[in-house]
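The chain contents come next:
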Amino acid sequence: MKKIFIKTFGCAQNESDSERVKAFFAEKGDVFVEDWKEADKAVINSCVIRESAENRVYGLIDKIKKFNPKIEIILTGCLVPITKKKITGVDQMLPIKEISFDLEPLRDKKRAALVTISSGCNNYCSYCIVPYARGKEISRKMEDILKEVDEAMEKGFEEVVLIGQNVNSYGADFGDESSVSMGKKRIKSLFPKLLEEVAKRALKKVSFISSNPWDFSDELIEVIAKYPNIDRLLHLPFQSGDDKVLKNMNRGYSKEEYLDLVSKIKKHVPDVRFSTDIIIGFPGEDEKAFQNTVDVCKKVGFEIAYLNKYSPRRGTVSAKLYRDEIPMAEKKRRWNVLNELVNKKSE
Ligand code: SAH
Ligand code: SF4
Ligand code: F3S
């Protein structure tokens, strides 16, 4: 029996992974502590979305090792697949792929059960490291997901969050190999069917993250409209409102297509609200391009926007192709404009 500390960096998918990591170590008889100063082992579930996120991982490893040189440090998460050299202070690399989905997660959240429906991503947005860190998209079997939902309900959970980097392409990898999506090609998705199966259950709320605009289908809109327990706050990241920037981001839709999609959803789901992710200061984002992003915000009326200043991420296409040309001061100014427009207004 070892005292084990788990630190989770990054997104909801990492939080969900950590709940299985916990189950993995609990099975070996380890117990969990809240403070790394009391631990024999520290498991760090890493995020590498920006260089600064990656640096926070190294920073924590150093801090823990300095305090207790005898502690065993186990590294898992998104840093493991992309790291080439040995990381000082790390005793063991645990690829997240090795943590089975058959383990019943030890859930941290009290209200909502996080349920991973797919891992990886095939979208290759030019700024994003995730497809390299998590590999190609692999969907879990529908019956396994539903079993996990049922288990969570038996434990008393009334809310479920379905998680994937792009939930809309769930199941696209089930067909024959030739129909597997590579890049932004529309393929038959089983997400509407999965969402319907989950929503049919006696759950108070069913949410999902993230949903990409380019393959958000009419069938999905119908399912959302049909089941009132599907969350009316829909997260629909648009990243930029400018067609040229969107193209260079390899997002697979235009400003008009995004706005049309939002209108269509609003028409069929009248009480819908939206949240979004925006990248500020992507290379080539001149004032006119930025105003297109502002315009999308005005037209949609987001409840929340997660505002990310562009940061070139080593290993991605945009970091290789484009110079990070927008000065930090200008990124901050644009950040403030959008924050005032969207987040302050809805406070
Ligand atoms: N799969 C999810 C999000 C993954 S990353 C989706 O497609 O919505 C979460 C957010 O981080 C992205 O939506 C984007 O806004 C931001 N992001 C990713 N790479 C970035 C980079 N290099 N610089 C700034 N923000 C970035
Ligand atoms: Fe990254 Fe795009 Fe995949 Fe989201 S959809 S994880 S932003 S590559
Ligand atoms: Fe998530 Fe960070 Fe990995 S945002 S997918 S934990 S790189």
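Residues numbered from 1 in each chain as written. Chains lettered and ligands numbered in written order. Predicted model: local features only at pLDDT ≥ 70, side-chain atom pairs only at ≥ 80, totals over all residues. Heavy atoms only, no water.

Labelled according to an unreviewed UniProt entry, the protein chain appears under the name (Dimethylallyl)adenosine tRNA methylthiotransferase MiaB, originating from Candidatus Shapirobacteria bacterium GW2011_GWE1_38_10. Listed under Cofactor (unreviewed entry) in UniProt, the entry text for the protein chain is "[4Fe-4S] cluster". (UniProt positions renumbered as here; feature names shortened; annotations may be inferred.)

When you line up the elements, Ser118 lands in strand β7 (residues 118-119). Along the chain, Ser118 and Ile163 lie 45 residues apart, while their C-alpha atoms are 7.1 Å from each other. With near-sequence residues (within four places) excluded, Ser118 lies in contact with Gln13, Glu137, Ile138, Ser139, Arg140, Ile163 and Gly164. (Helix = DSSP H or I, 4+ residues; strand = E, 2+ residues; numbered from the N terminus. Contact = heavy atoms within 4.5 Å.)

Attention shifts here to the site of ligand 1. For ligand 1, the set of nearby residues contains 15 residues, the closest of which are Gln165, Gln239, Asp277, Asn308 and Ser311. Separating a nitrogen atom of ligand 1 from a side-chain N or O atom of Gln165 is a distance of 2.7 Å. For ligand 1, a nitrogen atom lies 2.8 Å from a polar atom in the backbone of Ser311. Protein chains shield 88% of the accessible area of ligand 1, which is 540 Å² for the free molecule. Mapped by element, the contributors of at least two residues to the shell around ligand 1 are β12 (273-280) and β13 (304-309). Class assignment of the residues belonging to the shell around ligand 1 gives a composition of 5 nonpolar, 6 polar and 4 charged. (Near = heavy atom within 4 Å. Polar contact = N/O pair within 3.5 Å; in protein donor to acceptor, adjacent residues only side chain to side chain. Areas by Shrake-Rupley, 256 points an atom, 1.4 Å probe, with all protein chains shown as cover. Nonpolar A, V, L, I, M, F, W, Y, C, P; charged D, E, K, R; others polar.)

Attention now goes to the domain arrangement of the protein chain. Interfaces are often sized by the amount of accessible area the parts lose when they come together. Per the domain assignment, the segments of the protein chain are domain 1 (3-98) and domain 2 (113-346). A C-alpha centroid distance of 27 Å is found between domain 1 and domain 2. Contacts between domain 1 and domain 2 engage 16 residues on the former and 20 residues on the latter. Contact with domain 2 buries surface across domain 1, with Gln13, Arg50 and Glu51 losing the most and accounting together for 39% of the total. Seen at the junction of domain 1 and domain 2, the total is 3 salt bridges. Note that Glu51 and Arg314 form a salt bridge whose closest N and O atoms lie 3.0 Å from each other. One can count 9 residue pairs in polar contact (both at pLDDT 80 or more) joining domain 1 with domain 2. Sorting elements by how many residues they give to the side of domain 1 that touches domain 2 places helix α1 (residues 12-27) first, with 7 residues. Residue composition of the side of domain 1 that touches domain 2, by class: 7 nonpolar, 3 polar and 6 charged. (Domains from an automatic or database assignment. Buried area = accessible area lost by both parts, 1.4 Å probe. Salt bridge = Lys/Arg side-chain N within 4 Å of Asp/Glu carboxyl O.)

The next subject is the site of ligand 3. All residues adjacent to ligand 3 are Gly10, Cys11, Asn14, Cys47, Val48, Ile49, Cys78, Val130, Arg134 and Gln165. Of the residues in the shell around ligand 3, the class split is 6 nonpolar, 3 polar and 1 charged. Both domains that furnish three or more residues to the shell around ligand 3 are identified here as domain 1 (3-98) and domain 2 (113-346).

The subject of this paragraph is the pairing of strand β3 (residues 41-46). Burial within β3 is extensive, with 6 of its 6 residues counted as buried. Pairing between strand β1 (residues 3-8) and β3: 5 bridges, direction parallel. By the bridge assignment for β3, Phe5 is matched with Ala42. In this region the chain leaves β3, passes through helix α2 (residues 51-67) and returns to the parallel neighbour strand β4 (residues 72-77); the handedness of that crossover is right-handed. (Buried < 20%, exposed > 50% of the residue type's maximum accessible area, 1.4 Å probe, protein only. Pairing = 2+ DSSP bridges. Right-handed = clockwise from strand over helix to strand, strands pointing away.)

Strand order in the open sheet formed by 3 strands is β6-β9-β10, and the pairing between neighbours is parallel. Of all strands in the sheet, those with a lone pairing partner are β6 (112-116) and β10 (205-209), marking the two edges. On average, adjacent strands in this sheet sit at an angle of 20° to one another, irrespective of strand direction. In the packing of helix α6 (residues 191-199) onto the sheet, the strands contacted are β9 (159-163) and β10, and the crossing angle to β10 comes to about 155°. (Axes fitted to C-alpha atoms, helices over the stretch in contact; angles between N-to-C directions.)

Here helix α7 (residues 218-226) crosses helix α9 (residues 255-268) at 30°, and the two axes come no closer than 9 Å. The angle between α7 and α9 places the two elements in the roughly parallel class. For the pair α7 and α9, the sense of crossing is right-handed. Contacts from Asp218, Ile221 and Ala225 of α7 reach α9 at Leu261, Lys264, Ile265 and His268. (Parallel < 35°, antiparallel > 145°, perpendicular 65-115°, else oblique. Left-handed = near helix turned anticlockwise from the far one by under 90°.)

Formed by 55 residues in total, the largest nonpolar core has its most connected members in Leu162, Phe191, Leu195 and Ile265. With residues up to four places along the chain from it excluded, the contact list for Ile265 reads Phe216, Ile221, Leu234, Leu236, Val272 and Phe274. The next biggest cluster of nonpolar side chains, apart from the first, holds 25 residues, and it includes Phe5, Ala39, Val48 and Leu75. (Core = buried A, V, L, I, M, F, W, Y, C linked by side-chain atoms within 4.5 Å.)

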